[in-house]
Amino acid sequence: KEAKLWGGRFEESVTDAVERFTESISFDKALYKQDIMGSRAHASMLAHQGLISVSDRDSILQGLDKIERCIEDGEFVWRTDREDVHMNIEAALTDLIGEPAKKLHTARSRNDQVLTDFRLWCRDAIDNIVAHIEHLQVALVTLAMKNENLIVPGYTHLQRAQPILLQHLLLAYVEQLDRDAGRLLDCRHRLNFCPLGACALAGTGLPIDRFMTSHDLGFNAPMRNSIDAVSDRDFVLEFLSANSITAIHLSRLGEEWVLWASEEFGFLTPSDSVSTGSSIMPQKKNPDPMELVRGKSARVVGDLVTLLVLCKGLPHAYNRDLQEDKEPVFDSTKTIIGMLEVCAEFAQNITFNCEKIKKSLPAGHLDATTLADYLVKKGIPFRTSHDIVGKSVALCVSKNCQLQDLSLDELRSVNPVFDEDVYEFLGAENAVKKFCSYGSTGSECVAEQLDFWVTKLQIN
Ligand code: ARG
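Residues numbered from 1 in each chain as written. Predicted model: local features only at pLDDT ≥ 70, side-chain atom pairs only at ≥ 80, totals over all residues.

- Taking an unreviewed UniProt entry as the reference, the chain is identified by name as argininosuccinate lyase belonging to Vitis rotundifolia.
- Reading the Pathway (unreviewed entry) entry of the UniProt record for the chain gives the comment "Amino-acid biosynthesis; L-arginine biosynthesis; L-arginine from L-ornithine and carbamoyl phosphate: step 3/3."
- Looking at the chain in UniProt, the text filed under Catalytic activity (unreviewed entry) is "2-(N(omega)-L-arginino)succinate = fumarate + L-arginine". (UniProt positions renumbered as here; feature names shortened; annotations may be inferred.)

Structure (structure tokens):
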């Protein structure tokens, strides 16, 4: 057995079970690029500070280049007995270049090293997720542009409430996604500080320059407090929280589209390319991708909960428990990207069934609130208007008809205030036209929102 990099004081080697149980190479090899980046910056700083020679630095840098190529060509052998990505790369570098490699870990611990790698990884992951969010926003806005003037029932309590423009609803999703991206970018800003040089927990007595490595790696500044630097996982919690909120938004969108694709609603039809079938029922065409968007949101939330529970009892500075922070982040990132991708594809491959939606509009008295507004305009206090319209709706229910089907005499039998002009307020189409408040579903207000997003997302 090869001696461990930390093996000096040990007389026995670890058991196979312990080795298998404590390794992280099986998953943290995903950090190899960031680990090599960090080592390059560290070696350059050590040479700049006179802690290693320029020729040692050069052999380290050349060795790291070779190792990186070897990993990328799939030729690198990851060894479980070398525990994690950091020691795999350091040991491979020693195999490759000998003595100079032994100087690389000067004024560095795996505790600050792993966090440097991880912050760099999360930074890239955030940029990637934000790009996917924007792609979905573009798909939703494009879908909205294709469905101008389509009125759909708006629901509260999943009961028919008021008529809305479909565009208005689609743009609501776009707004939510915008905040999701904003949360990720806030998190990116807060995480972009460099732990390298915090060493094990206390810093070092060697004359390193943390500002130099921080700058080299594109961080805003070195972290101020070395204990905080190696203890902190709030950047991970924040990242996973932001992903969880995004996942919940997508899950709600998924639920809505699953519902709308049902026979009962029949408001939208996904194309075959985004549907799947049944192994027994030949007629079936299911909206599985959106069901799985709903389902996979559970994983993303689970990943956050794992991290919350992982951190809650830990004393300060590094504890080995923290090695468990990586897989949830990898899983959350992969899952949320998949969800965003498939939502965008779904948005690009659904058709709204305009005829069916239109036929359904008369049901549910969607215009009742607009009728109450009509009475308010006639000078009736709102609470009284509410009551008059309530009684008019009751009359409709007893006659099994809609408000617009009531004759003026019938309306006047409820209250004499009604005039001929009432019919301009009745029916879903008329009702939608009456909305005019900022942010409302009125066509001009929605057009303004659409313009805003078309410009912001640079859609032509
Ligand atoms: N593989 C470890 C992790 O991911 C690296 C840090 C190990 N540090 C230590 N003192 N054992 O957390």
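Quick notes on the overall build of the chain
And step 1. Regarding its fold elements, the chain presents 18 helices and six strands.
And step 2. For a compact globule of 460 residues, the expected C-alpha radius of gyration is about 23 Å, and the chain comes in at 31 Å, more than 25% above that figure.
And step 3. Each principal axis of the C-alpha atoms in the chain carries an extent, and together these give about 100 × 55 × 45 Å.
And step 4. Residues counted as buried form 40% of the 460 residues belonging to the chain.
And step 5. Within the chain, contacts between residues at least 6 apart in sequence are counted, and of these 75% link residues at least 24 apart. (Helix = DSSP H or I, 4+ residues; strand = E, 2+ residues; numbered from the N terminus. Rg over C-alpha atoms; globule rule 2.2 N^0.38 Å. Buried ≥ 20, exposed ≤ 12 C-beta atoms within 10 Å, placed from the backbone. Contact = placed C-beta atoms within 7 Å.)

Some thoughts on the UniProt feature "domain: Fumarate lyase N-terminal" (unreviewed entry) in the chain
And step 1. UniProt records the feature "domain: Fumarate lyase N-terminal" (unreviewed entry) at residues 8-302, using the numbering of this structure.
And step 2. The distance from the first to the last C-alpha atom of residues 8-302 is 40 Å, and the span holds 60% helix and 7% strand.

Details of the packing of helix 3 (residues 32-48) against helix 6 (residues 110-146)
And step 1. In contact at an axis separation of 8 Å, helix 3 and helix 6 are set at 120 degrees when each is read in the N-to-C sense. Considered as vectors, helix 3 and helix 6 are oriented oblique to each other. The interaxial crossing formed by helix 3 with helix 6 has right-handed handedness. Residues Gln34, Asp35, Met37 and Gly38 of helix 3 lie in contact with helix 6, whose contacting residues are Gln113, Thr116, Asp117, Leu120 and Trp121.
And step 2. Residues of the contact of helix 3 with helix 6, tallied by class, amount to three nonpolar, four polar and two charged. (Axes fitted to C-alpha atoms, helices over the stretch in contact; angles between N-to-C directions. Parallel < 35°, antiparallel > 145°, perpendicular 65-115°, else oblique. Left-handed = near helix turned anticlockwise from the far one by under 90°. Nonpolar A, V, L, I, M, F, W, Y, C, P; charged D, E, K, R; others polar.)

Focus: the UniProt feature "domain: Argininosuccinate lyase C-terminal" (unreviewed entry) in the chain
And step 1. Using the residue numbers shown here, the UniProt feature "domain: Argininosuccinate lyase C-terminal" (unreviewed entry) corresponds to residues 366-433.
And step 2. Regarding residues 366-433, the helix share stands at 60% and the strand share at 0%, and the terminal C-alpha atoms are separated by 13 Å.

Some words on the pairing of strand 2 (residues 159-165)
If a strand is regular, its side chains alternate between the two faces of the sheet.
And step 1. Two strands pair when backbone bridges link them, and strand 1 (residues 151-156) and strand 2 are joined in this way by six bridges, in the antiparallel orientation. Paired with Gly154 across the strands is Gln162, a residue of strand 2.
And step 2. The hairpin formed by strand 1 and strand 2 contains two residues between the paired strands, and His157 there has a positive phi angle of roughly 55 degrees. (Pairing = 2+ DSSP bridges.)

A look at the site of the ligand
And step 1. Every residue lining the ligand is accounted for by Ser24, Asp28, Asp84, Arg110, Asn111, Val114, Tyr318, Arg320, Leu322 and Gln323.
And step 2. Counting residues per element, the shell around the ligand draws most heavily on helix 6, at three residues.
And step 3. The residue makeup of the shell around the ligand, split by class, is three nonpolar, three polar and four charged. (Near = placed C-beta within 6 Å.)

Thoughts on the nonpolar core
And step 1. Counting 113 residues, the largest nonpolar core has Leu93, Cys122, Leu140, Phe239, Cys343 and Leu371 as its most contacted members.
And step 2. Per element, the largest residue contribution to this core is 16 residues, and it comes from helix 6.
And step 3. Apart from the residues within four sequence positions on either side, Cys122 is in contact with Leu191, Phe235, Phe239 and Val329. (Core = buried A, V, L, I, M, F, W, Y, C linked by C-beta atoms within 7 Å.)

Describing the packing of helix 4 (residues 54-72) against helix 5 (residues 85-97)
And step 1. Closest axis-to-axis distance for the helix 4/helix 5 pair is 10 Å, and the angle between their directions is 115 degrees. Between helix 4 and helix 5, the interaxial angle falls into the category roughly perpendicular. Helix 5 is crossed by helix 4, and the crossing has right-handed handedness. Across from Ser59, Ile60, Gly63, Leu64, Lys66 and Ile67 in helix 4, the residues of helix 5 making contact are Ile89, Ala92, Leu93, Leu96 and Ile97.

A closer look at the environment of Arg183
And step 1. Looking at the secondary structure, you find Arg183 in helix 7 (residues 166-191).
And step 2. C-alpha separation for the pair Arg183 and Thr269, spaced 86 residues apart in sequence, amounts to 33 Å.
And step 3. Those residues in contact with Arg183 that sit more than four places away from it in its chain are Ala242 and Ile245.

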